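# Overview (structure and organization)
Here is what each chain is made of, one letter per residue.
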Amino acid sequence: MSILEYNGAAMIAMAGKNCVGIAADRRLGMQAQTVSTNFQKVFPMGDKLYVGLAGLASDVQTLHQLLEYRLSLYELNEERKMSPQVFSTLLSNVLYSKRFGPYFIEPIVAGLDKDNKPVLSGSDLIGASVSTDDFVVSGTCTGNLFGMCETLYKPDMDPDQLFETLAQALLASVDRDALSGWGGVVHIITPTGVMTKELKGRQD
Amino acid sequence: MGDSAYSFSLTTFSRTGKLLQIEYALNAVANGRTSLGLCTKDGVVIATDKKLSSSLVDVEHVHKVEQVTPACGFVYSGVGPDYRVLVRKARKSSQSYNLQYGEVQPISQLVKQTASVMQEYTQSGGVRPFGVSLLVAGADGDGTPRLYQVDPSGAYFGWKATAIGKNYVNAKNFLEKRYQDDMELEDAIHTALLTLREGFEGEMNCKNIEVGVLRDGKFSVLTPAQIQDYLDEAN
């Protein structure tokens, strides 16, 4: 058993036309046993920046608090909002600082930069990051997630199309993974605001 | 810092509530060669008098205006060796910032950081305050050009235009008369040179002054040839 698969997770972030979406499942398990069906894994870090944390639940919560701390101090000292690229770099450095005793998290970052262009990135547990313009995935069923995204994704989707694509890709992927599922949540970030919807899927 | 026999702070309050070590440090600044700066909406200029003790000194290899980040530069009045230490520390800390955040450190953060270092030396064991005031020219997080002064106490101030060092009173009066809020960078550079010439002992030329310019978010030190062009225009 890998420690990254102890609690279970599935998440996708995807870019549309002047919008980004981020979706995740709701399950918290302890190996086979399901413990919660409304566990939060995607967190807002500002009104145009979301981070999804997949992996060990304890580290999900601790890293979220740590990122809040770093973000708040930055915004207080610098008197400006943190851009998604800077947040991504910061997250990468935070993870690498624990290179020989890491946080068991494989995060994804989704946001809109100051020109409202989509910014997407993902990283491994020790901070190696990638930046893409289409989609990033993370969790215990990345094989399924990559397959669904590669098939369903098309560039320049509007917010409603993006929502449909994210929802279908996530729900189809988690059905073949025992450790993820039990519902989902999707956030669509646009220049004018964030639209959040809960997904009802197979409750198993 | 220092050995145990000097583990107490050398900067202590007088009865009247003053920190005399800082006052004396400010005296060292006031005896230093004049430096000045002007901030406009499209850039910042800083300049200093580089006159040295003897004509035998190889003045081209003395650097008073120094780049600290791609978007920030320092100049000083006061004790040169103390300045070099601050430049080194500031460069290191801004590289650290760049490593953490992947961005150039904005001037507001650089100034706070540097001022914090200077303040530490007024409240630590076995050390004395830095004998320099700095003028910092740079771009802030949103790209706005800014000019800051940092004193030996660690106090910092934002300025539209200011002067420090030997002739600062006259220089500041001169600047106050000439400064306009809607000035452009080129006018500011000319005004800076005129102000420097006002209090200059002897003949001012492109070799015995130094000028640094923040233009389009990038800081650079002018070469003697570039300074000569500006001096020629002024004549």
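Structural data are supplied above this passage.
Keep in mind it's a predicted model, so treat the numbers as computed, not measured.

This paragraph deals with the sheet that holds strand β1 (residues 35–40) of chain B. All names here are of chain B. Overall, antiparallel pairing links the 5 strands, which are arranged β8-β1-β2-β9-β10 in an open sheet. In this open sheet, the two edge strands, each paired with only one partner strand, are β8 (161–164) and β10 (218–221). Between one strand and the next, the sheet's axes are offset by a mean angle of 10°, whatever the strand orientation. With 4 bridges joining them, strand β9 (residues 209–215) and β10 adopt antiparallel strand pairing. When the bridges of β10 are listed, Leu-214 appears paired with Phe-219. Sheet strands touched by helix α4 (residues 168–178): β1 and β8. Its angle to β8, the strand with the most contacts, is close to 165°.

Another aspect to go through is the nonpolar core. Membership of the largest hydrophobic core comes to 26 residues, with the highest contact counts inside it found for Leu-38, Val-45, Leu-193, Ile-209 and Val-211 of chain B. If you list the elements that add at least two residues to this core, you get β1, β2 (43–49), β8, α4, α5 (185–198), β9 and α6 (224–234) of chain B. The biggest single contributor to this core is α5 of chain B, with 6 residues. Excluding anything up to four places from it in sequence, Val-211 of chain B contacts Val-45, Ile-46, Ala-47, Val-65, Leu-193, Ser-220, Val-221, Leu-222 and Ile-227 of chain B. Leu-28, Phe-87, Leu-90 and Val-94 of chain A belong to the second-largest nonpolar core, a separate cluster that totals 25 residues.

Residue and element names in this part refer to chain A. The backbone of Asn-116 shows a phi angle near 60°, a positive value even though the residue is not glycine. Along the chain, Asn-116 falls in the loop between β7 (105–112) and β8 (118–123). Of note, Trp-182 is a non-glycine position whose phi angle comes to about 55°, a positive value. Here Trp-182 shows up in the loop between α4 (159–174) and β11 (184–190). Look at Trp-182 and you get partly exposed, because its relative accessible area is 25%.

So, how was this worked out
- Residues numbered from 1 in each chain as written.
- Chains lettered and ligands numbered in written order.
- Predicted model: local features only at pLDDT ≥ 70, side-chain atom pairs only at ≥ 80, totals over all residues.
- Heavy atoms only, no water.
- Pairing = 2+ DSSP bridges.
- Helix = DSSP H or I, 4+ residues; strand = E, 2+ residues; numbered from the N terminus.
- Axes fitted to C-alpha atoms, helices over the stretch in contact; angles between N-to-C directions.
- Contact = heavy atoms within 4.5 Å.
- Core = buried A, V, L, I, M, F, W, Y, C linked by side-chain atoms within 4.5 Å.
- Buried < 20%, exposed > 50% of the residue type's maximum accessible area, 1.4 Å probe, protein only.

Limitation: the analysis is restricted to geometry and does not speak to function.
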